[in-house]
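Here is what each chain is made of, one letter per residue.
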Amino acid sequence: MTDNHTHLTGAKGRRHVRDQIKKALQHGDLVPGQRLVEQDLADTYNATRSAVRDALVDLSAEDIVLLVPQRGARVRVISVDEAVQTTECRAALEALCASKAALLASDAQLDELREIGQKMTEAVGLGAFDIYSTYNRHMHNLIVEASGQKVARRQLDRLSNQLVRYQFHLAERPGRSAESLGQHLDIINAVCRHDPEAAAAAITTHLNSVIEQIKATPVRNNL
C-alpha cells in the first residue's frame, strides 16, 4: 500500500510528474506507443496517483499522451505526415526567430552560441549522440530566446512537445549528426555575424533537411 504522506501531491506533484515524463521521453526511457500505468508512474516518480492522473491530463492537452476511456493512457504516436507538418511550422517560426536573433542577440548570447558550436563539433567527433542532441536543443532554444519573440516561443514550445524528436531519433541515424552539424554551424555563424537573411535561410535549410529525413525513414512504434 502506498503511503501518500511521503509522496508528492497537489500542484507540486503534478508538475514533477509532468516534467519527469518529458525528460524520460527525451532520454528514451519512455517511447511513443508505450502504455503508462498510473501506479507504476507514482512509484517511479514518488508521487500520488492523483498527481499522476492530473499530470497525464496535462500531457494529453499537449498532445504527448493519449488518454483512452476504459483503456488508460499511452505515449501518443504521431504519423509521418503530422511530423512533417509540425516541422514545417517550426521552420517558419524558427526562421523568424533566427533573423531577429541576428539583430538582437547580446554579446553573451553570441559567445554562448559559439561555445555550443564547439561542443557540438566535439560531440560528433566522439560519436556522442546524446550530448550532441542536448546541445542541439540548447542551440535552438537559445536562438529563440535571443530573438525576443515571445509569441513565437510559446508556439514553438507547444510544437516541440509533439513528440517529433522523441519518435524519430534523427541524430542517431548513421551519418546524420555529421550532416546536421554543418547546418547548425551555418546557423550559428550567420547569427554571430549579424546577417538576418542568412540566419533565416540557414535554419530553413536545416529544418527542410529534417523533413526529408522524416519522410525517408519508416516509423517503428511500440503499439
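Residues numbered from 1 in each chain as written. Predicted model: local features only at pLDDT ≥ 70, side-chain atom pairs only at ≥ 80, totals over all residues. Heavy atoms only, no water.

Novice: Explain the pattern of salt bridges residue by residue, including any values.
Specialist: Scanning the model with the defined rule gives eleven salt bridges in all. A salt bridge links Arg53 to Glu38; the nearest nitrogen and oxygen atoms lie 3.0 Å apart. Here Arg53, found in helix H3 (residues 49-61), pairs with Glu38, found in helix H2 (residues 38-45); they are 15 residues apart in sequence, far enough to count as distant. The class for Arg53 is partly exposed, based on a relative accessible area of 39%. Notably, a salt bridge pairs Arg158 with Asp63, separated by 3.3 Å at the nearest N-O pair. Here Arg158, found in helix H7 (residues 150-160), pairs with Asp63, found in the loop between H3 and strand S2 (65-68); they are 95 residues apart in sequence, far enough to count as distant. On the basis of relative accessibility, which here comes to 25%, the residue Asp63 falls in the partly exposed class. (Salt bridge = Lys/Arg side-chain N within 4 Å of Asp/Glu carboxyl O. Helix = DSSP H or I, 4+ residues; strand = E, 2+ residues; numbered from the N terminus. Buried < 20%, exposed > 50% of the residue type's maximum accessible area, 1.4 Å probe, protein only.)

Novice: How would you explain the sheet that holds strand S3 (residues 72-75) if you had to name every residue and give the values?
Specialist: A sheet is described by the order of its strands in space; here three strands give the open sequence S1-S3-S2, paired in antiparallel fashion. Only two strands of the sheet have a single neighbouring strand rather than two, namely strand S1 (35-36) and S2. Pairing between S1 and S3: two bridges, direction antiparallel. The residue of S3 that forms the bridge with Arg35 is Arg74. Packing against the sheet, H3 makes contact with S1, S2 and S3, and its axis sits at approximately 115° to S2. (Pairing = 2+ DSSP bridges. Contact = heavy atoms within 4.5 Å. Axes fitted to C-alpha atoms, helices over the stretch in contact; angles between N-to-C directions.)

Novice: Quick one: what's the story with the confidence of the model for the chain, residue by residue and with numbers?
Specialist: Predicted coordinates in areas of low pLDDT are best not read in detail. Per-residue confidence for the chain gives a mean pLDDT of 87; residues scoring 70 or more make up 88%. Looking at the elements of the chain, mean pLDDT is at its lowest for helix H8 (residues 164-168), recorded as 58, and at its highest for helix H5 (residues 107-126), recorded as 96. (pLDDT = per-residue confidence, 0-100.)

Novice: I'd like a rundown of the environment of Ile211, residues and numbers included.
Specialist: With respect to the helices, strands and loops of the structure, Ile211 is situated in helix H10 (residues 196-216). Ile211 gets classed as buried once you look at its relative accessible area, which sits at 5%. If sequence neighbours within four positions are ignored, Ile211 has contacts with Val84, Thr87 and Glu88.

Novice: So, unusual backbone geometry: which residues are in play, and what are the values?
Specialist: Most peptide bonds take the trans configuration, and most residues that are not glycine carry a negative phi. A positive phi is found at Asn46, a non-glycine position, where the angle reads about 55°. Topologically, Asn46 is positioned in the loop between H2 and H3. Its relative accessible area of 36% is what places Asn46 among the partly exposed residues. One non-glycine residue with positive phi stands out, namely His194, at about 60°. Examined against the element boundaries, His194 turns out to sit in the loop between helix H9 (176-192) and H10. Look at His194 and you get partly exposed, because its relative accessible area is 44%.

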